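Here is what each chain is made of, one letter per residue.
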Amino acid sequence: MGIVLHGFDILEGDVHAALAAVAEVAAQMLAGAARPLIWAGGGVVHAAAGKELQALAELLQAPILGTNGSRGIVSEDHPLMLGNILTMAFTVELKILETADCMIALGTRFSERATRSRRKDAEADVTGRSAKGWTIRIPEKMIHVDIDAGEFGRNVKPQLTIHGDARDVLQKLLAALRSKPMPPRPPRAQEISAVKTEARNELRERGWTLAVLTPYQAQREAIRRRLPTVEVSTVDGAQGREWDVVLYSTVRSNPQHRLGFVEDERRLNVAVTRAK
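Parameters and conventions
- Sequence order sets the numbering: in each chain, residues are counted from 1 along the sequence as written.
- Restriction of local features to residues with pLDDT of at least 70 applies here, the model being predicted, together with a cutoff of 80 or more for giving and counting side-chain atom pairs; totals for whole chains, interfaces and linings are based on all residues.
- In computing side-chain properties, one takes all heavy atoms of the structure into account and sets aside hydrogens as well as water.
- In this description, a line fitted to the C-alpha atoms serves as the axis of each element, helices being fitted only across the stretch in contact, and the angle between N-to-C directions of two axes falls anywhere from 0 to 180 degrees.
- Only DSSP runs of H or I covering at least 4 residues are called helices, and only runs of E covering at least 2 are called strands; the numbering of each starts at the N terminus.
- Here the word oblique covers every angle except those under 35 degrees (roughly parallel), over 145 (roughly antiparallel) and from 65 to 115 (roughly perpendicular).
- Should any heavy atoms of two residues lie within 4.5 Å, those residues are counted as being in contact.
- We call Asp, Glu, Lys and Arg charged. Ala, Val, Leu, Ile, Met, Phe, Trp, Tyr, Cys and Pro are nonpolar, and the rest, Gly among them, are polar.
- Working definition of a nonpolar core: buried Ala, Val, Leu, Ile, Met, Phe, Trp, Tyr and Cys residues. They are joined through side-chain atoms within 4.5 Å.
- The cut-offs for exposure are 20% and 50% of the maximum accessible area for each residue type, with area from a 1.4 Å probe on protein chains only; residues under the lower value are buried, those over the upper are exposed, and the others partly exposed.
- DSSP bridges decide pairing: two strands pair if at least two such bridges lie between them.

Caption draft 1: How the structure looks around the packing of helix 4 (residues 90–97) against helix 6 (residues 189–205). One way to put it is that helix 4 packs onto helix 6 with a least axis distance of 8 Å and a crossing angle of 155 degrees. Taken together, helix 4 and helix 6 sit at an angle that is classed as roughly antiparallel. Between helix 4 and helix 6, the residues in contact are F90, T91, V92, K95 and I96 and E191, I192, V195, E198, A199 and E202, respectively. Here the residues of the contact of helix 4 with helix 6 are counted per class, giving six nonpolar, one polar and four charged.

As structure tokens, then:
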């Protein structure tokens, strides 16, 4: 496994030492940020790095932007988890992405769909119904971690690239950050909660509501009453829209399930379907 630092491959010698060295650079960038942000893609799922991802978010008080591929890796109930609403609510783009002064992107290819801006002045795609891909404003100070070095610079230009498994990188990054004399970060749970509320209102004004933002509270409570030892990680409906009347089935998720992935055996993703 090679490690890429500012475009240089370290293919020989002690890879673990090389990874620790590059993680130290990333740690310095994140520790110096006032408003760090995490973009988590499907690579975090394949690396089974949910615990490390959550630990990093809590240590930095950094909100997590997810994608369709990373759903369930951190519970949607977590106060720092924004889910995969980036391309659906301009509120998140404006108040979280554009105010971040350093972002670490893990296991993501920055797809065309995930990077459409919701700005009114954004260039439209060929359908005229939505913006083109790669029109959102990525923070200039950005760290890209991926198992596939071919993704680096393909769609978004990073300042620092790390070629490696997401869990390995996160473990080294956490070790580097914890070795630093960092003062406690101001909690951002209240800020993120307010952003979620505003984003939910924005989507309702546009005529629809996402399950990510409105996670079927009644159904979640019913599941918890019947399965008190299980944490409901993700609740979702077809095409991201809520159904009026539902039957719900609990599904043990794995990397192949479209609902997402949970590595903790006590957590479930929940599929929601219309009652017939």
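Caption draft 2: Representation of the nonpolar core in the model. Of all hydrophobic cores here, the largest spans 60 residues; its most connected members are L53 and I143. Among the elements that take part in this core, helix 5 (residues 166–178) stands out by supplying seven residues, more than any other. With near-sequence residues (within four places) excluded, I143 lies in contact with A26, M29, L30, C102, M103, I104, A105, L160 and I162.

Caption draft 3: Summary view of the sheet that holds strand 8 (residues 160–163). The strand order across the open sheet built from six strands is 5-4-3-6-7-8, with neighbouring strands paired in parallel fashion. Of all strands in the sheet, those with a lone pairing partner are strand 5 (81–83) and strand 8, marking the two edges. With five bridges connecting them, strand 3 (residues 36–40) and strand 6 (residues 102–106) associate as parallel partners. When the sheet's bridge partners are listed, L37 is paired in strand 6 with M103.

Caption draft 4: Spatial organisation of the environment of A21. In this structure, A21 sits in helix 1 (residues 15–31). According to the relative accessible area criterion, A21 is partly exposed, its value standing at 44%. Separated by 151 residues in sequence, A21 and K172 place their C-alpha atoms 8.9 Å apart.

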